[in-house]
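Structural overview for review
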4 protein chains.
Amino acid sequence: MGIRTAVAGASGYAGGELLRILTAHPEFEIGALTAGSNAGTELGAHQPHLRSLAGRVLAETDPGVLEGHDVVFLALPHGKSAEIAERLGEDVLVVDCGADHRLTDPAQWEKFYGTPHAGSWPYGLPELPGHREALRSARRIAVPGCYPTAVSLALFPAFAAGLAEPDVVVVAASGTSGAGRALKPHLLGSEVMGSVSAYGVGGSHRHTPEMVQNLSAVAGEPVTVSFTPTLAPMSRGILATCTAKARPGATAAALRAAYAEAYDGEPFLELLPEGRWPATSMTLGANTVLVQVALDEDAGRIVVVAAVDNLTKGTAGGAVQSANLALGLPEELGLTTIGVSP
Amino acid sequence: MGIRTAVAGASGYAGGELLRILTAHPEFEIGALTAGSNAGTELGAHQPHLRSLAGRVLAETDPGVLEGHDVVFLALPHGKSAEIAERLGEDVLVVDCGADHRLTDPAQWEKFYGTPHAGSWPYGLPELPGHREALRSARRIAVPGCYPTAVSLALFPAFAAGLAEPDVVVVAASGTSGAGRALKPHLLGSEVMGSVSAYGVGGSHRHTPEMVQNLSAVAGEPVTVSFTPTLAPMSRGILATCTAKARPGATAAALRAAYAEAYDGEPFLELLPEGRWPATSMTLGANTVLVQVALDEDAGRIVVVAAVDNLTKGTAGGAVQSANLALGLPEELGLTTIGVSP
Amino acid sequence: MGIRTAVAGASGYAGGELLRILTAHPEFEIGALTAGSNAGTELGAHQPHLRSLAGRVLAETDPGVLEGHDVVFLALPHGKSAEIAERLGEDVLVVDCGADHRLTDPAQWEKFYGTPHAGSWPYGLPELPGHREALRSARRIAVPGCYPTAVSLALFPAFAAGLAEPDVVVVAASGTSGAGRALKPHLLGSEVMGSVSAYGVGGSHRHTPEMVQNLSAVAGEPVTVSFTPTLAPMSRGILATCTAKARPGATAAALRAAYAEAYDGEPFLELLPEGRWPATSMTLGANTVLVQVALDEDAGRIVVVAAVDNLTKGTAGGAVQSANLALGLPEELGLTTIGVSP
Amino acid sequence: MGIRTAVAGASGYAGGELLRILTAHPEFEIGALTAGSNAGTELGAHQPHLRSLAGRVLAETDPGVLEGHDVVFLALPHGKSAEIAERLGEDVLVVDCGADHRLTDPAQWEKFYGTPHAGSWPYGLPELPGHREALRSARRIAVPGCYPTAVSLALFPAFAAGLAEPDVVVVAASGTSGAGRALKPHLLGSEVMGSVSAYGVGGSHRHTPEMVQNLSAVAGEPVTVSFTPTLAPMSRGILATCTAKARPGATAAALRAAYAEAYDGEPFLELLPEGRWPATSMTLGANTVLVQVALDEDAGRIVVVAAVDNLTKGTAGGAVQSANLALGLPEELGLTTIGVSP
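Residues numbered from 1 in each chain as written. Chains lettered and ligands numbered in written order. Predicted model: local features only at pLDDT ≥ 70, side-chain atom pairs only at ≥ 80, totals over all residues. Heavy atoms only, no water.

Per an unreviewed UniProt entry, chain A is named N-acetyl-gamma-glutamyl-phosphate reductase, and its organism is Actinomadura hallensis. Quoted verbatim from the Sequence similarities (unreviewed entry) field of the UniProt record, the comment on chain A reads "Belongs to the NAGSA dehydrogenase family. Type 1 subfamily." UniProt, in its Catalytic activity (unreviewed entry) section for chain A, records the words "N-acetyl-L-glutamate 5-semialdehyde + phosphate + NADP(+) = N-acetyl-L-glutamyl 5-phosphate + NADPH + H(+)". (UniProt positions renumbered as here; feature names shortened; annotations may be inferred.)

Below, the structure is given as C-alpha cells:
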C-alpha cells in the first residue's frame with residue numbers, strides 16, 4: 001500500500017499538476033481531493049485531462065478531511081495554509097505550494113503581503129546551497145515560488161563563486177497558468193493570445209523578496225533584485241533573463257566552470273552546451289531548470305537565461321521532489337527531465 | 001496623380017507591411033514591386049492578405065525597375081541597399097528598412113556585421129532629439145531597427161533629463177515576424193508556439209550598437225546596453241523592458257514629468273496613465289510606442305516598459321512616417337494610433 | 001459636421017471593433033459610449049488599443065443617453081435591444097449587432113432563445129440575394145451572426161445555381177473573441193491556448209436557425225444544416241468548412257462559374273484563384289469573406305471553405321457596411337479589404 | 001537487459017515523440033538513432049527537450065545500422081520504409097510510422113501516392129474490430145495515419161451498430177506538428193499563429209482512402225468520406241468532427257449504448273460523460289482518444305467529435321501500443337491516459 005496523499009486545492013492549476021505527477025508516481029496513493037468553491041463537483045469538470053480521476057468528487061478543504069493522510073499537499077490561495085497546517089499532526093508531511101511560509105523575515109512578509117507573518121518552513125529548493133539536508137527531516141515544507149525557483153537556481157552559482165555584483169536585474173516571461181485560474185479579463189484567451197504584457201513592475205511583485213532572500217544568503221551580502229515579470233501567450237513555462245555586473249575574474253571560462261561545479265550531480269539542473277539557449281518548450285512537463293550563461297564584455301555583465309515549467313519544477317514537481325526527500329525516497333522518483341515537445 | 005512609389009523586397013514581412021500601409025495612404029501610388037528569389041511570381045502567393053494587389057507580378061530587384069519612382073522603399077537583406085541606392089537618382093527618396101546605413105561608426109558596423117561600412121544616412125526616428133529636422137530635407141533615410149525604435153524611444157527622456165546612469169539593461173520579447181520569413185527550423189510554428197526562447201544573448205545582437213549610438217547621443221556620454229532579445233509565441237509585437245540605475249533626483253514624479261515633457265506633442269508616443277502597463281496587443285497595426293515608467297526604490301532602478309508593433313512603428317510605419325516628413329506631407333498621414341485588438 | 005453616432009456596449013469586443021472602424025471612417029462622429037456594469041469607468045480600461053478614446057467615460061446604456069444621435073449601434077447581450085430601440089425615434093438608424101431581430105420565424109426564435117420573439121428587422125447582409133435594396137431605406141437593421149455571415153455567403157451561390165442538395169454540413173472554427181468577454185474558465189488563455197475544442201454540438205447552437213433561414217430562402221426549399229462550431233486558439237477569425245451533396249451538373253467548372261457570377265461586383269466577397277485556400281489571417285481586420293470551392297468527386301460533395309474576421313465582416317464591419325447603405329453613403333466607405341498579417 | 005530498440009528518423013517530430021515515450025518505457029532500451037540529412041549531428045540540436053539523449057550522434061538511416069535490434073521504429077518520409085524493411089530480418093519487429101504499408105488496395109495507393117504499392121502490413125489500430133489479434137503475432141506493423149486514427153475510432157461504433165448511413169463528412173483541425181518539420185513558408189510561426197487555414201480540400205488528402213478502408217470494413221459496405229483537414233494554431237492535437245446521416249433507430253440512447261459497448265474494456269478510448277465535449281488539450285502527451293456523440297434531430301445526423309494527440313496516440317504512442325502487443329507485453333505499458341494541461 002502506498003503513501004496516503006491528499007491534495008487541497010485540487011481544482012486549480014497547481015493542484016492539477018500535482019495530481020498529474022502523483023498519478024504517475026510509484027509510491028503515492030491519492031486520497032482526499034479538496035477544493036474551495038468547487039467543493040461538491042467532480043474533478044473532471046475542472047481537470048478534464050486527468051481522465052482516471054475524472055469522477056472523483058471534491059470535498060471541502062477542511063482539516064477533518066485531510067487528516068489520516070501521510071502527506072498533504074496544499075495548493076491554496078495565500079493565507080490559507082497556516083490555519084490548516086496547525087490542525088494536522090506534526091508527523092504528517094505538509095507541503096505548501098503557497099507563499100505563506102517562504103519568507104524568513106516577517107518585515108518583508110508584511111511589506112509585500114500586508115498580513116501577519118505565519119513563520120517560515122524549510123524551503124523546498126534542494127539545489128540551493130544548504131537546503132537539501134534540512135529537507136530530509138522536514139515535516140513542513142514551503143515550496144518556492146515559480147519565479148524564485150528559476151531565478152535562484154539560475155544565479156546562485158555566480159554568487160557562490162563570487163563572480164557577480166549584488167545588483168541583479170531580472171526580466172522573466174511567464175505562461176498564463178502562473179496567474180492561476182482566477183477569472184480576470186486580462187487572462188482571457190482573447191486578450192493574452194498574440195500579446196506580451198508587463199505587470200507587477202517596479203519591484204512590487206511578491207516574488208521579489210524571495211529572490212532577494214535566496215541570493216543574499218548565497219552571496220553572503222545583501223543582493224538587490226530589480227524584477228519585472230511579463231505575461232507571454234503560452235499556457236506554461238518561464239524564461240528568466242538574469243543579469244548582474246561581472247566582478248573581476250568573471251571570464252567566460254570562469255563562469256562556465258562555476259556553473260559546471262555548482263550543478264554537478266544535480267539531476268534537475270543543466271548548464272546547456274555552449275551555443276545552445278534555453279526555450280521553455282524544452283522543459284514542459286519536466287522537472288528541469290535549463291540554463292545558459294554568457295559574458296557581455298562590452299556591457300561588463302553576466303547574463304544568465306533559465307527555462308523552467310512554472311507548474312512542474314516551478315511548483316508541483318518541485319513539491320514532489322522535496323516530498324521525496326522528506327519521505328526518504330529517491331529524490332528523482334516519479335519525476336522526469338524530458339519535456340513534451342513540440 | 002499620386003507619388004509614384006516602389007517597394008523592393010515586397011514578398012517579405014516588412015515589404016508586406018509597407019504595402020498594407022501604402023494601400024491605405026492617400027498620397028502614395030504603388031508602382032513597381034520587386035523581389036529576389038520570388039521574382040516572377042504573383043504577390044498573392046506571398047502576401048495573401050493584400051487582396052487588391054494579389055495579381056501583381058513581382059519583378060527582379062533591379063535599379064532599372066526601381067527608376068522612375070518618386071520614392072523607393074527598400075526592404076532587403078542587409079548588405080543589398082547601398083549598391084541599389086547608388087544607382088538611383090539623388091532626387092529620388094530612398095527609404096531603407098535594412099541596417100546598412102544606420103550606424104555612424106564604421107568600427108561598430110564592421111564589428112557587428114563583418115563587412116565594410118557603406119556610410120550612414122539620416123536616421124528615421126523623428127522623435128529622437130535632433131532628428132526630425134534632418135529628415136525634412138533627406139533624400140536617403142535609414143529606418144531604425146525594430147528593437148532600437150522601442151528602446152531608444154523608451155529611454156531617451158530619462159537620459160535627456162539626466163535621471164539615469166549610463167548602464168542600461170534591456171530584455172525584449174519579440175514576435176516571430178521580427179526574424180523575417182527565413183525558413184529555419186526554430187521559426188516553425190510547431191517550435192515557437194507555446195515557447196519563449198532567448199537568442200543573440202551576451203551583447204551579440206546587431207541592434208545593440210544602434211541602441212548605444214542613440215542613447216549615448218542623448219545622454220552626452222557613453223552608454224552601455226546589455227541587450228537580450230527573446231522570441232515570443234506571437235506573430236507581431238515587441239515588449240521591451242528597459243532599466244537603468246536611478247540618479248539622484250530621479251523620483252517617480254520627476255520621471256513622469258520628464259516623460260510628459262519629452263513626449264509632449266508627439267503623435268506616436270504615449271506615456272500611459274499611471275497604473276496601466278503596455279501590452280503589445282495595444283499597438284498591433286498602429287504606429288505607436290506605448291510606454292510606462294516606474295521607480296523601483298528598493299533596487300534603485302528606473303524601469304521603463306515599451307510596446308511597439310515591430311512591423312509598423314518598428315519598421316514600415318516608421319518608414320512611412322519619415323517619408324511623409326521628407327516629402328513635406330503631414331507626418332501622421334496614412335498612419336494610425338489605433339491597434340487591432342483583441 | 002459628421003453623422004452623430006452612439007455605441008451601446010462599448011466595453012465589449014463587438015463594441016471595441018465598432019469603435020476601431022468608426023474612428024477611421026470619414027463620416028461618423030463618435031458620440032455617446034455606453035456600457036452595462038462598466039458604466040462610469042474609462043473606455044481605456046477595457047479597450048486599451050483605442051488610444052484616442054481612452055479617456056472617454058462610459059455612460060449607462062439608457063435610451064436617454066442614446067437619444068440625439070443619428071445612428072445608434074447596439075452591441076448588447078441578447079434580449080436587450082428591443083426595449084431600447086422602441087424608445088428611440090423612428091428616424092434614428094438603429095443597427096443591432098445582437099440576435100434579437102434576426103429570425104423571421106417566431107417559433108424558431110422561441111425554440112433557440114426561449115423568450116418571446118421581438119419581431120424581425122431588415123437583415124444586414126447586403127450580398128445575400130434580395131437584401132441590399134431593403135437596407136437602403138432601413139431605419140432598423142439586424143446585423144447577422146458571425147457564423148451565419150460566413151456560411152450564408154459561402155453557400156448561397158451553390159444554392160442559387162441549383163447545384164447543391166439541401167442537406168448541409170458545416171464545421172467552423174472560431175477565435176475566442178466570438179464568445180465575447182464573459183469571464184468563463186474555458187475562455188481563459190491557459191485553457192484555450194494549444195487546444196481546439198467543440199461546443200454547441202448536435203444542432204443546438206443559436207446560429208443554426210439563422211443559416212437555415214438564409215439558405216432556405218435562396219434555395220427555394222427547406223435546407224437543413226448540421227452545424228458544429230469549434231473554438232480555436234486565436235483571438236479572431238472564422239474558418240467555415242461547408243459541404244453539401246452535389247446535384248447533377250455540379251461540375252468543378254459549373255461551381256466556379258456560379259461563384260464568379262454570384263460574387264461579381266461584390267466588393268467584399270472573393271472567390272480565390274484556383275489552388276489557393278482561405279486562411280483566417282488573410283481577413284484580420286478586413287471586411288472580406290474569402291472563399292474557395294472544390295468538388296469531391298469520390299464523395300459526390302461540394303466543399304466550400306470561407307474565412308472571415310468574426311469581429312469585422314462578421315459583426316462590426318458588416319454593421320458599418322449596412323449603415324453606409326442605409327445612410328446613402330458608398331457601401332465600402334471606411335472599410336478595407338486588406339487584412340493585417342502576419 | 002531491455003528490448004534493443006532503434007529509431008530511424010529520430011530528428012523529426014514523430015521520431016522525437018517515439019523517443020520521449022521510449023525513454024519512459026520500462027522495457028525498451030534505446031539503441032541506434034538515425035537520420036537523413038541530419039546524420040552526423042547530435043540529437044540535442046533537433047530534439048532539445050530530450051535531455052538525457054542530447055549528446056547522442058545520429059547515424060545514417062542504413063539497414064546495417066538498424067540490424068541487431070529487436071525492434072526498429074521507422075519514422076521516415078513516405079516511400080522509404082519498404083526497402084529498409086526488406087533488409088531487416090523477419091524476426092525483427094519493424095513498426096512503420098509512415099504510410100507505405102497502410103492501404104490494402106494497390107489502386108488506392110497508386111491513386112493517392114503515385115508510386116507502386118509496396119504491399120500492406122498488419123494495421124496498428126488494435127481497437128478497430130478484428131485487428132488486435134493480428135497484431136499479437138506481427139513482425140511488421142503499419143502505424144495508422146493520425147487523422148485515420150481519430151476518425152476510425154470515432155466512427156466505428158456507429159457503423160458496427162448499423163446506426164449510420166455510409167456517407168461520412170469529416171472536418172478535422174490539426175496542430176502543425178502533423179505537417180512535420182519540413183521548411184515551408186506556410187508552416188512558419190508567423191503564418192500559423194492567429195490563423196486557421198484549410199488544405200488538401202476536396203478529397204485529395206492522402207489519409208482519405210485509409211478512413212474509407214477502415215470504415216468500409218466495419219460497415220460491411222462501401223463508405224464514402226468527405227474529408228477536409230485544417231491547420232490550427234497549436235503544435236499538437238487533432239479535433240475531428242465526424243458526421244453521418246442517422247439510420248432509423250439511431251436515437252441518442254442507442255448511440256450512447258453503441259459507443260459504451262464498443263469502447264468497453266478499451267484502455268485508450270473513452271466516451272465522455274454526457275454534456276462534456278472533447279478538447280485537444282485533454283489528450284496532450286496521452287495515448288487516448290476522447291469522444292463525444294450527439295444526435296442532431298433537426299438535421300437527422302449523428303455528430304461525433306474526437307480529440308487525439310496526433311503525435312502520441314496518433315503516431316508514436318499508437319506505435320508503442322502495437323509494439324507492446326507484438327512483443328507480448330501489456331498493451332498499456334509505458335503509455336498514459338493522462339494529458340499535460342493546461
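Structure shown, so let's carry the discussion forward.
Turning our eyes to something else, we now look at the pairing of strand 12 (residues 289-296) of chain C. The side chains of a regular strand alternate, residue by residue, between the two faces of the sheet. Residues and elements named next belong to chain C. Counted residue by residue, strand 12 has eight buried out of eight residues, so it is predominantly covered. Taking every second residue as pointing to the same face, both faces of strand 12 are buried, with Val289, Val291, Val293 and Leu295 on one and Leu290, Gln292, Ala294 and Asp296 on the other. Alignment of strand 11 (residues 269-271) against strand 12, held across three bridges, turns out to be parallel. If you follow glutamate 270 over to strand 12, its bridge partner there is leucine 290. When strand 12 meets strand 13 (residues 301-308), the two strands line up antiparallel, connected through eight bridges. Residue pairing in the sheet places glutamine 292 in a bridge with valine 305 of strand 13. (Buried < 20%, exposed > 50% of the residue type's maximum accessible area, 1.4 Å probe, protein only. Helix = DSSP H or I, 4+ residues; strand = E, 2+ residues; numbered from the N terminus. Pairing = 2+ DSSP bridges.)

With that out of the way, let us pick up the environment of D:Ala75. All names here are of chain D. You can see alanine 75 is positioned in the loop between strand 4 (71-74) and helix 3 (81-86). Taking relative accessible area as the criterion, alanine 75 reaches 18% and is therefore assigned buried. For the pair alanine 75 and proline 267, spaced 192 residues apart in the sequence, the C-alpha separation amounts to 25 Å. Those residues in contact with alanine 75 that lie beyond four places of it in its chain are Ala8, Gly9, Ala14, Gly15, Leu18 and Cys97. (Contact = heavy atoms within 4.5 Å.)

Least-squares fitting of chain D to chain A yields an RMSD of 0.0 Å, with the transformation described by 0.0 Å of translation along the axis and a rotation of 180 degrees. On the angle and the small slide along the axis, the relation comes out as a two-fold axis. Considering only C-alpha atoms, the residue of chain D closest to the rotation axis is D:Gly194, which sits at 3.6 Å. (Least-squares fit on C-alpha atoms with pLDDT ≥ 70 in both.)

How two aromatic rings sit relative to each other is set out by the distance from centre to centre and by the angle between their planes. Applying the stated criterion to the full structure yields 20 aromatic pairs over all chains. Ring plane angle 90 degrees and centroid distance 5.6 Å describe the contact between C:Tyr259 and C:Tyr263, whose orientation is recorded as edge-to-face. One end of the pair is C:Tyr259 and the other is C:Tyr263, both in helix 9 (residues 252-263) and four residues apart, which spans about a single turn. The two residues C:Tyr259 and C:Tyr263 agree in class, both being buried. Seen in terms of ring centroids, D:Trp109 and D:Tyr113 are 3.9 Å apart; in terms of plane orientation they differ by 10 degrees. Their pairing is stacked. Highlighted residues: D:Trp109 and D:Tyr113, both in helix 4 (residues 106-113), separated by four residues, approximately one helical turn. Both residues of the pair, D:Trp109 and D:Tyr113, belong to the buried class. Among the aromatic residues, those joined into a ring-pair cluster are A:Phe156, A:Tyr259 and A:Tyr263. One Lys or Arg, B:Arg140, reaches over the ring of B:Trp121 and ends 6.0 Å from the middle of that ring. (Phe/Tyr/Trp six-rings, centres within 6.5 Å; stacked < 30°, edge-to-face > 60°. Lys NZ or Arg CZ within 6 Å of the ring centre and 35° of its normal.)

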